[in-house]
Amino acid sequence: MTGPSTSGGLPARKSTRDIASERILAGIGLVILAVACFATLDTATKLSTASVPILMGVWFRYAFQAVATTVVLLPRYGPALLRTRHPKYQLLRGALLLASSTLAFLSLRYMPLAEFTSVVLIAPLVITLLAATTLKEQVSPLRWTLVAGGFAGTLVILRPGGEAFSWAVLLPIGLVLTNACFQVLTSKLAQTENPLTMHFYTGWVGTLIASVAVPFAWTALPGWQWWALLCLMGFMGTVGHFILILAYQRAPASTLTPYLYAQIAFAMLGGWLMFSQVPDRLSLIGISMIAICGAAGAWLTVRERRVPIEPAES
């Protein structure tokens, strides 16, 4: 038996459907690789908080991204990379992400990785609330159900009033709020701006703002391994974003978004390997509720608005 061939014995060309399917599978694989990078970034961030001042870690993470992005993109795209119709929004977007990153660093100092990642991933559900309250958009009963389920899962993880509850759980809540504002602004800019331009300005805005404060927090690190850890953080954050851009170039956001929640699994693995942290039964229930409701809510968001949702990362 012989395989399919054209006349003359040459292999048949792949159909358009086969090529599209391969691109979608490649996109899914790239998204999973990207969230693995972000989970590694968060694991390294949690490790760094033991000896590296928060502001110093945040500054290094953004400086690495800004320099790497400039070295890779500017020679290729030239002045076109710098063109933006909304410089004020680019500044605001960079400031919001810097605030989110600072809150992420603080949160990771006090919270287990899996629980932190799960709480942060309710951001698409918060976007639904923002759309309903500030933009006066119509929200379907299904979406309200998903929002309620996601917040219920968050309460199961945080357990207000319980012995494990402390002021530190307010940090990821603040992170979710700033990240949701960042996502809404990203949606607005994505209509007119090049994603590479947005990535470029995000890195430099974060670096320049953090540079104002970092001299007051700078300290000599106890060993070279801490510098290596900071380099790993910068590398994983930068590479993760580039891989994410490649993924969205290959497949629709509505197809890829649910796979962002694979980051929870990577975070659980990192927490177990590096810190011997395993979520208890109630936390696992809450994590599952957030993953299911959040993935469905995020999928609906990008399907209706046709914009990507950024994954959780510091």
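An account of the accompanying structure is given in this report. (Residues numbered from 1 in each chain as written. Predicted model: local features only at pLDDT ≥ 70, side-chain atom pairs only at ≥ 80, totals over all residues. Heavy atoms only, no water.)

**Observations regarding a nonpolar patch on the surface**
No. 1: A contiguous nonpolar patch, built from Leu269, Trp272, Leu273, Met274 and Val278 and spanning about 540 Å² of accessible area, is present on the exposed surface.
No. 2: In this structure Met274 comes out as partly exposed when scored by relative accessible area, which is 46%. (Patch = residues over 30% accessible without salt bridge, like charges linked within 9 Å, V, L, I, M, F, W, Y side chains within 5 Å. Areas by Shrake-Rupley, 256 points an atom, 1.4 Å probe, with all protein chains shown as cover. Salt bridge = Lys/Arg side-chain N within 4 Å of Asp/Glu carboxyl O. Buried < 20%, exposed > 50% of the residue type's maximum accessible area, 1.4 Å probe, protein only.)

**Examining the packing of helix α2 (residues 54–77) against helix α9 (residues 224–250)**
Each packed pair of helices is defined by two parameters, the angle between the axes and the distance between the axes.
No. 1: Look at α2 against α9: their axes get within 8 Å of each other, and the N-to-C directions meet at 50°. Between α2 and α9, the crossing angle belongs to the class labelled oblique. Crossing of α2 against α9: the hand is right-handed. Facing α2, whose interface residues are Met56, Gly57, Phe60, Arg61, Phe64, Gln65, Ala68, Thr69 and Leu73, α9 presents Trp227, Leu230, Cys231, Met233, Gly234, Phe235, Gly237, Thr238, His241 and Phe242. (Axes fitted to C-alpha atoms, helices over the stretch in contact; angles between N-to-C directions. Helix = DSSP H or I, 4+ residues; strand = E, 2+ residues; numbered from the N terminus. Parallel < 35°, antiparallel > 145°, perpendicular 65-115°, else oblique. Left-handed = near helix turned anticlockwise from the far one by under 90°. Contact = heavy atoms within 4.5 Å.)

**Some remarks on the packing of α2 against helix α8 (residues 195–213)**
No. 1: Put simply, α2 and α8 touch, their axes get as near as 8 Å, and they point 145° apart. Between α2 and α8 lies a crossing of left-handed hand. Residues Leu55, Trp59, Tyr62, Ala63, Gln65, Ala66, Val67, Thr69, Thr70, Leu73 and Tyr77 of α2 form the contact with α8, whose own contacting residues are Leu196, His199, Phe200, Thr202, Gly203, Trp204, Gly206, Thr207, Ala210, Ser211 and Ala213.

**A closer look at the packing of aromatic side chains**
No. 1: Taken as a whole and judged by the stated rule, the model has 5 aromatic pairs.
No. 2: Judged by centre distance (5.7 Å) and plane angle (80°), the rings of Trp59 and Trp218 are edge-to-face. Taken as a pair, Trp59 in helix α2 and Trp218 in the loop between α8 and α9 lie far apart in primary sequence, 159 residues in all.
No. 3: Pairing Phe200 with Tyr201 gives two aromatic rings, centres 5.5 Å apart and planes at 80°, and the pair type is edge-to-face. Of the two residues, Phe200 and Tyr201, neither departs from the other in class, the shared state being buried.
No. 4: Through a chain of ring-to-ring contacts, the aromatic side chains of Trp59, Phe60, Trp218 and Trp227 assemble into a single cluster.
No. 5: One Lys or Arg, Lys46, reaches over the ring of Phe275 and ends 5.6 Å from the middle of that ring. (Phe/Tyr/Trp six-rings, centres within 6.5 Å; stacked < 30°, edge-to-face > 60°. Lys NZ or Arg CZ within 6 Å of the ring centre and 35° of its normal.)

**Description of the environment of Ala247**
No. 1: Structurally, Ala247 is set in helix α9.
No. 2: Placed 216 residues apart in sequence, Ala247 and Val31 show a C-alpha to C-alpha distance of 5.9 Å.
No. 3: Contacts of Ala247, omitting those with residues within four sequence positions, involve Gly27, Leu30, Val31 and Leu256.

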